[in-house]
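Residue-level listing of the chains:
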Amino acid sequence: MTAQWVMYGIKNCDTIKKARKALEAADIDYVFHDYRVDGLDEALLHTLIEQVGHEVLLNTRGTTWRKLSDEARHAAQSEAGARALMLAYPAIIKRPVLAAPNGTLLVGFDAARYPTFIQEND
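Residues numbered from 1 in each chain as written. Predicted model: local features only at pLDDT ≥ 70, side-chain atom pairs only at ≥ 80, totals over all residues. Heavy atoms only, no water.

In the segment running from Arg 95 into Pro 96, the intervening peptide bond is cis, with an omega of -10°. Relative to the helices and strands, Pro 96 resides in the loop between helix H7 (79–88) and strand E3 (97–99). (Helix = DSSP H or I, 4+ residues; strand = E, 2+ residues; numbered from the N terminus.)

On to the packing of helix H3 (residues 42–52) against H7. Orientation of H3 relative to H7, taken along the N-to-C sense of each, is 130°, at an axis distance of 11 Å. Looking at the two axes, H3 sits oblique to H7. Helix-helix and strand crossings are classified by hand; for H3 and H7 the assignment is right-handed. For the pair H3 and H7, contact is made by Glu 42, Leu 45, His 46 and Ile 49 and by Glu 79, Arg 83, Met 86 and Leu 87, respectively. Considered class by class, the residues forming the contact of H3 with H7 number four nonpolar, one polar and three charged. (Axes fitted to C-alpha atoms, helices over the stretch in contact; angles between N-to-C directions. Parallel < 35°, antiparallel > 145°, perpendicular 65-115°, else oblique. Left-handed = near helix turned anticlockwise from the far one by under 90°. Contact = heavy atoms within 4.5 Å. Nonpolar A, V, L, I, M, F, W, Y, C, P; charged D, E, K, R; others polar.)

Take a look at the structure:
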């Protein structure tokens, strides 16, 4: 099986909807991995953290973060704490995470950056 584009996120997220439209407009065939439906296991999270770092993945601007206790936010400063938090609350991962067929990742959506990223990694 050949490698393919994969978008990770949560289906009902507005940013995900924009990113999906951008991929469809670029005629990119991709698989959507919904953390809530398809899950998030330690192996996948490990791969994401290894490539971009836990600081990049952790969404500290969203509702899930704001609902956390001060203790949980403090624990998330370490990689182990952030990893545990992301496994428990996948919605706290910045969205989307776009994986190119070559394994390169782009975190977050920027309409200006997507076409360049696609061209560089297709």
